[in-house]
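Read off the chains here:
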Amino acid sequence: MAASGTGEGGPGRPARIGRLRRPSPASEFRRPSGRDRSLRARVPRRAWWWAGALVASLLGLVLVTLLTRGRGLTELDHHLDDLIRSVGAREQLEDVQTAAVDTGYRVIWVPTVIVLAWFARWRHLLVYGGTISLIAAVAQVGAGESALARVVRSGVTGSEEQLYLPAWPVLVLASVAAGSVLALSPAGRARRWGWAVVSVLLVLYIVLRGAVDLDPVAVGGLSALAGTSLVALAFLLLAPERDFPVVYHREVKAHLRLEGERTERVRAAVLDQLGLDLAALEPYRLDGSAGSTPCRLRLATGPPEFLFGKLYASNHLRSDRWYKYVRVLRYGRLEDEAPFSSVRRLVEREDYFLRLLRDGGVRVPDPVGVVEVVPGQEYLLVCELVPDAVEILDGRGPDGQLTDVVIDDALVQIRLMWAAGVAHRDIKPSNVLVQGNRVYLVDVSFGETRPSRWRQSVDLANMLLILALGATPERVVQRSAELFDPEEVAEAFAATGSVTLPRQLRRLVDTGDRDLVEEFRALLPPVRPVRIQRWSTRRVLLALATAGGLLLAAAVVVLNLRAGGLL
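It should be emphasised that the depicted structure is a prediction, and the values quoted were computed from it without experimental measurement.

### As for the overall build of the protein
In terms of helices and strands, the protein carries 19 helices and twelve strands. Looking at the protein as a whole, 48% of its 567 residues are labelled buried. Expressed as a percentage of contacts within the protein between residues at least 6 apart in sequence, the contacts between residues at least 24 apart total 73%. If you sum the accessible surface of the protein, you get close to 28,400 Å²; carbon and sulfur atoms cover 60% of it.

### Brief notes about the sheet that holds strand β11 (residues 438–441)
Taken together, the three strands give an open sheet; going across it, the order is β8-β10-β11, and neighbouring strands pair in antiparallel fashion. The open sheet is flanked by β8 (390–391) and β11, the only strands paired with a single partner. Strand direction decides the pairing type here: β8 and strand β10 (residues 432–435), joined by two bridges, are antiparallel. Note on β10: the bridge partner recorded for Val390 is Val434.

### Topic: the nonpolar core
Among the nonpolar cores identified, the biggest contains 60 residues, and Met463 and Leu467 are the most heavily contacted of them. The greatest single-element share of this core, amounting to nine residues, is contributed by helix α13 (residues 404–420). Leu467 has contacts with Ile392, Leu402, Ile407, Ala410, Leu411 and Val476, leaving out every residue within four places of it along the chain. Core analysis: the second largest hydrophobic core is formed by 43 residues, Leu61, Val127, Tyr205 and Phe235 among them.

### Let's talk about the side chain of Asp443
Mapped onto the elements of the fold, Asp443 is located in the loop between β11 and β12 (448–449). In this structure Asp443 comes out as buried when scored by relative accessible area, which is 16%. One polar contact links Asp443 to Lys310, side chain to side chain, over a distance of 2.6 Å. Among residues more than four places away in sequence, those in contact with Asp443 are Lys310, Glu350, His424, Asp426 and Asn431.

### Describing the pattern of salt bridges
Evaluated as defined, the whole model comprises 23 salt bridges. In this structure, Lys310 and Asp443 form a salt bridge, with 2.6 Å as the shortest nitrogen-oxygen distance. Of the two residues, Lys310 is situated in strand β5 (residues 306–312) and Asp443 in the loop between β11 and β12; the sequence distance between them amounts to 133 residues. Of the two residues examined, Lys310 and Asp443, each falls in the buried class. Glu448 serves as the salt-bridge partner of Arg455, at 3.5 Å between the closest nitrogen and oxygen. Note on Arg455: relative accessible area 5%, which makes it buried. On the accessibility criterion, Glu448 (4% relative accessible area) is buried. Connected through salt bridges with shared partners, the residues Glu261, Arg262, Arg265 and Glu378 form a single ionic network.

### Focus on the pairing of strand β7 (residues 378–384)
Counted residue by residue, β7 has seven buried out of seven residues, so it is predominantly covered. Sheet analysis places β5 next to β7, joined by six bridges and oriented antiparallel. Residue pairing in the sheet places Lys310 in a bridge with Leu381 of β7. With antiparallel pairing between neighbouring strands as the criterion, strand β6 (residues 367–374) and β7 make up a hairpin whose turn holds three residues, including Gly376 at a positive phi of roughly 80°.

### Quick notes on unusual backbone geometry
Non-glycine residue Asp388 carries a positive phi angle of around 60°. Following the sequence through the fold, Asp388 ends up in the loop between β7 and β8. For Asp388, a relative accessible area of 73% corresponds to the exposed category. Positive phi, close to 75°, is recorded for Arg425, a residue that is not glycine.

### Quick look at the packing of aromatic side chains
Summed over all chains, the structure comprises six aromatic pairs. Summarising the aromatic geometry, the rings of Tyr352 and Phe353 are spaced 5.3 Å apart at their centres and angled 75° between planes, so their arrangement reads as edge-to-face. Since its relative accessible area comes to 4%, Phe353 is described here as buried. When the ring centre of Phe306 is taken as origin, the NZ or CZ atom of Arg296, which lies over that ring, is 4.4 Å away. Positioned above the aromatic ring of Tyr440, the side-chain terminus of Arg363 is 5.6 Å from the ring centre.

### A look at the environment of Arg534
In this structure, Arg534 sits in the loop between α18 (516–523) and α19 (537–563). Overall, Arg534 belongs to the partly exposed group, its relative accessible area being 41%. The sequence separation of Arg534 and Arg330 amounts to 204 residues, and the corresponding C-alpha distance is 9.3 Å.

### Focus on the state of the cysteines
Applying the stated rule across the entire model yields zero disulfides. In this structure Cys295 is a free cysteine whose sulfur lies 9.7 Å from that of Cys383, the closest cysteine sulfur available. Taking the relative accessible area as the measure of exposure, Cys295 reaches 1% and is therefore buried. Given the relative accessible area of 5%, Cys383 is considered buried.

### Remarks on the sheet that holds β7
A sheet is described by the order of its strands in space; here five strands give the open sequence β3-β4-β5-β7-β6, paired in antiparallel fashion. Strand pairing shows two members of the sheet lacking a second neighbour, β3 (278–283) and β6, which therefore form its edges. Neighbouring strand axes in the sheet, compared pairwise and without regard to direction, differ in orientation by 25° on average. Of the strand pairs in this sheet, β6 and β7 are connected by six bridges, and their pairing is antiparallel. Paired with Gly369 across the two strands is Val382, which belongs to β7. Sitting on the sheet, helix α10 (residues 260–274) is in contact with β3, β5, β6 and β7, with an inclination near 125° to β6.

### What to know about the pairing of β5
With seven of its seven residues buried, β5 lies for the most part within the structure. Alternating residues of β5 divide into Phe306, Phe308, Lys310 and Tyr312 and Leu307, Gly309 and Leu311, and every residue in both groups is buried. Remark: six residues form the turn of the hairpin made by strand β4 (residues 293–299) and β5, two consecutive strands paired antiparallel.

### Overview of the packing of helix α14 (residues 453–469) against helix α15 (residues 473–480)
The interhelical angle for the contact between α14 and α15, taken along N-to-C directions, is 130°, at an axis separation of 8 Å. As far as their axial angle goes, α15 and α14 are oblique. Crossing geometry of α14 relative to α15 is assigned as right-handed. Here Leu464, Leu467 and Ala468 of α14 come into contact with α15, specifically with Pro473, Val476 and Ser480. Taken together, the residues of the contact of α14 with α15 sort by class into five nonpolar, one polar and no charged.

Criteria and cut-off values
Residues numbered from 1 in each chain as written. Predicted model: local features only at pLDDT ≥ 70, side-chain atom pairs only at ≥ 80, totals over all residues. Heavy atoms only, no water. Helix = DSSP H or I, 4+ residues; strand = E, 2+ residues; numbered from the N terminus. Buried < 20%, exposed > 50% of the residue type's maximum accessible area, 1.4 Å probe, protein only. Contact = heavy atoms within 4.5 Å. Areas by Shrake-Rupley, 256 points an atom, 1.4 Å probe, with all protein chains shown as cover. Pairing = 2+ DSSP bridges. Core = buried A, V, L, I, M, F, W, Y, C linked by side-chain atoms within 4.5 Å. Polar contact = N/O pair within 3.5 Å; in protein donor to acceptor, adjacent residues only side chain to side chain. Salt bridge = Lys/Arg side-chain N within 4 Å of Asp/Glu carboxyl O. Phe/Tyr/Trp six-rings, centres within 6.5 Å; stacked < 30°, edge-to-face > 60°. Lys NZ or Arg CZ within 6 Å of the ring centre and 35° of its normal. Disulfide = S-S within 2.5 Å. Axes fitted to C-alpha atoms, helices over the stretch in contact; angles between N-to-C directions. Parallel < 35°, antiparallel > 145°, perpendicular 65-115°, else oblique. Left-handed = near helix turned anticlockwise from the far one by under 90°. Nonpolar A, V, L, I, M, F, W, Y, C, P; charged D, E, K, R; others polar.

Structure representation (structure tokens):
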């Protein structure tokens, strides 16, 4: 196959890159088989077990209350009461129970919240805080004796009288303790030990309350099961282990785990939709990607031996929306930064821009196709894996400098994008590969058609900064004169600011010994800086709504924690 590029013969001349493996031309095998439609997300089996335990515990509470008029299994409770009286420790146990109610919850949930916030596990923090605060608030308001609980009950039911909620302190403690286990302990042996500790804690607390004649033991046990089931269901449905594992190291949330069931789904989908049999699927160059899961596809039969893939899922769509939402708050609505409506649109856009840039003469990996792994949730973009290519800064010669041929070819790619009316919008070292003396642009998911002069200038400035990291500003400016006017280069650096530099490039520029931006500006004609901030009525209203929403959410959580006795 041939891909358009600049090669050694100049702009626009086709360059041979080796034959790519294409989907089978036999159309009868490329028609969707329908097997992929059975891969929709299913409720985990454990969720059904916990739902059954919740229903059983609630029915048990109702049954015990009706049969014994709220006194539980009186024979067991009487034996426990006789034992306590014979020991003569009733007053001491009452003091322990009071201290447990006053401080027990805080001893568990406060450290849990601190740990989750420290390790930036925000999904676990939201599910944990929201669930225990809601359970505690409902339990306390329904049966608590605090002044706040009586006021709320009076406003809701018209009476300050307590609603009958058996052993509500046990229910709250069980939810807090079980939530801490699920949020803090990794699946496996650590979590089993955590459940064992929580079980012992709850048994002791249930016996303690039964000993001081507060709750029958059977009612306490059923309430503990109800509280545990509620929290377990919340974590299974809102923070499933597969998507939000419990880990104690910072990791890029965009990088999905390529193992087990997901790998088999991808291999089956690629074979079904592209006719390509994969021998292996493995992560590839994760350090250069924060918005998808890059992977290398080893073909069972070649050539080529490898293809490149980018796996997109629902979490990438959410990340894109939050990223652009925050950008709007910080800088205003920048050019063409509307969020995507679905994962399908996200992957379709990148596939489209690969083909658009290739047809415009820009050297990019040759696209192969899009694979639907899980309908509406996971999609795989498949394209050429450029053989023997490295990041441009890793392609420097023995003298630590990029050659003039590489510098020229990199600048040609920018000029070709200008001519094609396309902007890349994410020019950084990991997205600029070099194969010998040939430069490739990759990761075009942020591409834009018919961009403004500002957006094109940003692409040029970022490329010049990358080249200056592998050469000198003086050399780069001298080589750019073959393709760009000095005024165009000066305009590019007039548009350069913190918001225009991708994170990887900004980190390299900031950690260097020289101020590359100012050195470039000193070599070029003076141009008035381009302002990035864009204020509008929409941005002001959105900022006010965001601040108000955060304050309201914080107030609700605090009120729930206070109402539930957790503060």
